[in-house]
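# Observations on the three-dimensional arrangement
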Amino acid sequence: MARTFTRPKIALIGSGQIGGNLALFAAQKQLGDIVLFDIVDGMPKGKALDLEHMAPVQYYDAKIMGTSSYEDVAGADVVIVTAGIPRKPGMSRDDLLDTNVKIMKDVATNLKEHCPDAFIICISNPLDAMVYTIKEITGRPSSHVVGMAGVLDSGRLQYFIAEHLNVSVEDVNAFVLGGHGDTMVPVIDYCSVGGVPLTQMMSREDIEAIANRTRKAGGEIVGHLKNGSAFYSPAASAIAMAEAYLRDKKRVIPCAAMCNGEYGVDGLYLGVPVIIGKDGVEKILEVELSDSDKALLNTSVEAVGRLVEEARKRL
Ligand code: TXD
């Protein structure tokens, strides 16, 4: 029977560790019908069937299919890209550039043809250069091409704060600016717990230790897993972004967005607070920063610029 997609169509380009969990979380939230795409034959179909068999147990209605054909991805409302290789111990995210930019060119070229109206969320690393590559090749407006990193990095920061203070994660608010790498900027001045500034609850020394652990949190997981990187939290983070778009939630969340003058940055993707609703990135929020955070952000911008320059050479 021909499949008819009557709900929003969510295409997952890359059905590996993160891709499979994207499908699981999207199904559980009943965000729409789901297409798992991968170049590995059979794997997306197997994962799709497994998730469909779970539907009566977890009570979600969604058509879920697996494919290796972009024809089945056509017309997607939301596309989430995880195609690429993950890190191994000792690798930086930047080390993935050579391999993943080639993959991103293939993916973006197909998305330009088959998903001309989609809201595209890129997850693949090195994130800031990969999301730039997708934007450049698809030509989609910057409102509809974003990178997922800030939600994850901010979530890590929030968790470490909650753990240290032994408080609920629900009452910790914190965000990270800048690139998705060691130069990311946890903005301590804006961290709060139940509305109380974090600097009134923790020593600067403890705060700095948590900021540093946040910067290295991805590598900490790679070190334990040995043959892959984080996947539950990245998937959940990207689904929060997709839900904000599909349900017009006007979420104020940190994402890698194309800055055109904001924070003194022009033409680069950078982790910044944005509003995501039905029109994609509807606004980039510029916040006042201390001189020291401005300096840290500038260092991050320079690192992102170097990475994007390397990607540009390969386009
Ligand atoms: O915060 C973040 N943005 C990061 C992103 C958090 C964690 C992981 N980060 C990166 O996501 C990671 O460094 C990788 O670059 C991606 C995907 O990580 P994942 O753990 O899901 O990797 P897998 O399990 O190897 O899955 C990648 C899939 C795999 O099944 C390949 O067959 C497929 O990508 N792949 C492709 N799919 C479509 N098209 C092409 N060309 C292709 N090439 C490989």
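Residues numbered from 1 in each chain as written. Predicted model: local features only at pLDDT ≥ 70, side-chain atom pairs only at ≥ 80, totals over all residues. Heavy atoms only, no water.

If you walk through the whole model with that rule in mind, you get zero disulfides. There is no disulfide at cysteine 191, and the cysteine sulfur nearest it, in cysteine 255, is 17 Å away. A relative accessible area of 2% means that cysteine 191 is categorised as buried. With no disulfide of its own, cysteine 259 lies closest to cysteine 255 among cysteine sulfurs, the gap being 11 Å. By relative accessible area, which is 0% here, cysteine 259 ends up buried. (Disulfide = S-S within 2.5 Å. Buried < 20%, exposed > 50% of the residue type's maximum accessible area, 1.4 Å probe, protein only.)

A few words now on the domain arrangement of the protein chain. Annotation of the protein chain at the domain level lists domain 1 (9-147) and domain 2 (150-314). Each of domain 1 and domain 2 has a C-alpha centre, and these two points are 21 Å apart. Between domain 1 and domain 2, the contact holds 41 residues from the first and 41 residues from the second. Each partner contributes to the roughly 3700 Å² buried at the junction of domain 1 and domain 2, and carbon and sulfur atoms together form 68% of this total. It is Arg93, Asp128 and Tyr132 in domain 1 that bury the most area against domain 2; as a group they hold 19% of the surface buried on that side. (Domains from an automatic or database assignment. Contact = heavy atoms within 4.5 Å. Buried area = accessible area lost by both parts, 1.4 Å probe.)

Another point: the site of the ligand. Around the ligand, a shell composed of 28 residues is seen, among which Gln17, Ile18, Asp38, Ile123 and Met148 lie nearest. Aspartate 106 places a polar side-chain atom, nitrogen or oxygen, 3.0 Å from a nitrogen atom of the ligand. Here an oxygen atom of the ligand and a backbone polar atom of asparagine 125 are 3.2 Å apart. Protein coverage of the free-state accessible area of the ligand, which is 860 Å², stands at 89%. For the shell around the ligand, the element with the most residues is helix H3 (residues 97-114), which contributes four residues. (Near = heavy atom within 4 Å. Polar contact = N/O pair within 3.5 Å; in protein donor to acceptor, adjacent residues only side chain to side chain. Areas by Shrake-Rupley, 256 points an atom, 1.4 Å probe, with all protein chains shown as cover. Helix = DSSP H or I, 4+ residues; strand = E, 2+ residues; numbered from the N terminus.)

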